[in-house]
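# Working through the structure, step by step
Here is what each chain is made of, one letter per residue.
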Amino acid sequence: MNLGDLHLRMLILMTFVNLDSDHTGVLVEVNSTSTVMFRNCVFSRTSSDQLSSLVSFESGGKGIMVGCLFKGSIQGTTNVVSNPGAVPNVQLVACYNRTGGTLAQVTSTAVL
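This one's a predicted model, so the numbers in the text were calculated from it and none came from an experiment. (Residues numbered from 1 in each chain as written. Predicted model: local features only at pLDDT ≥ 70, side-chain atom pairs only at ≥ 80, totals over all residues. Heavy atoms only, no water.)

### Details of the environment of Gly-76
In this structure, Gly-76 sits in the loop between β8 (69–71) and β9 (81–82). By relative accessible area, which is 39% here, Gly-76 ends up partly exposed. Separated by 26 residues in sequence, Gly-76 and Gln-50 place their C-alpha atoms 8.8 Å apart. Each residue touching Gly-76, except ones within four places of it in the same chain, is listed here: Gly-100, Gly-101 and Thr-102. (Helix = DSSP H or I, 4+ residues; strand = E, 2+ residues; numbered from the N terminus. Buried < 20%, exposed > 50% of the residue type's maximum accessible area, 1.4 Å probe, protein only. Contact = heavy atoms within 4.5 Å.)

See below:
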């Protein structure tokens with residue numbers, strides 16, 4: 001799902017999943033001009049792709065993720081949420097990372 005042209009959007013109680021076991025790549029992409037809030041969303045990877053992030057922000061994109069669950073298998077060196085921009089642009093609050101991947105380039109508070 002590409003959230004390319006969203007300037008301000010709130011997504012609540014949504015599940016993002018790749019239903020095809022051959023699916024590879026990012027589940028959600030946020031472009032450089034978008035600001036998005038994810039609340040109580042689930043990001044689930046079922047494919048064998050362990051090298052792609054679940055959520056990808058372009059530099060300049062902004063987001064807040066509250067109470068979200070990240071699950072599936074991701075290689076330990078892969079960022080669960082990819083953010084090449086400023087660290088404060090992407091905030092994770094009270095989220096749970098069950099992937100094995102890292103949470104880098106984000107500000108995280110009360111994240112397991």
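Alright, that's what it looks like, and here's the rest.
### What about the nonpolar core?
Counting residues in hydrophobic clusters, the biggest one holds 21 residues, and the most contacted among them are Phe-38, Phe-43, Val-55, Met-65, Phe-70 and Val-81. Counting only elements with at least two residues in this core, the list comes to β3 (28–30), β4 (35–39), β6 (55–57) and β10 (90–93). Sequence-distant contacts of Val-55, defined by excluding residues within four places in its chain, comprise Val-26, Val-28, Phe-43, Met-65, Phe-70, Val-80, Val-81 and Ser-82. (Core = buried A, V, L, I, M, F, W, Y, C linked by side-chain atoms within 4.5 Å.)

### Examining the environment of Ile-64
Following the sequence through the fold, Ile-64 ends up in strand β7 (residues 62–66). Residue classification places Ile-64 among the partly exposed residues on the basis of a relative accessible area of 37%. Residues Ile-64 and Arg-39, spaced 25 residues apart in sequence, show a C-alpha to C-alpha distance of 8.2 Å. The contacts of Ile-64, once residues within four sequence positions are left out, are Val-36, Met-37, Phe-38 and Gln-91.

### Focus on the sheet that holds β6
As summarised here, the arrangement of the 3 strands in space is β3-β6-β9, forming an open sheet in which the pairing is parallel. Whereas interior strands pair on both sides, the edge strands pair on one side only; in this sheet they are β3 and β9. Pairing analysis gives 3 bridges linking β3 to β6, with the strands arranged parallel. Residue Val-28 lies in a different strand from β6, and its bridge partner there is Val-55. (Pairing = 2+ DSSP bridges.)

Remember, this is a structural readout, not a statement about activity or role.
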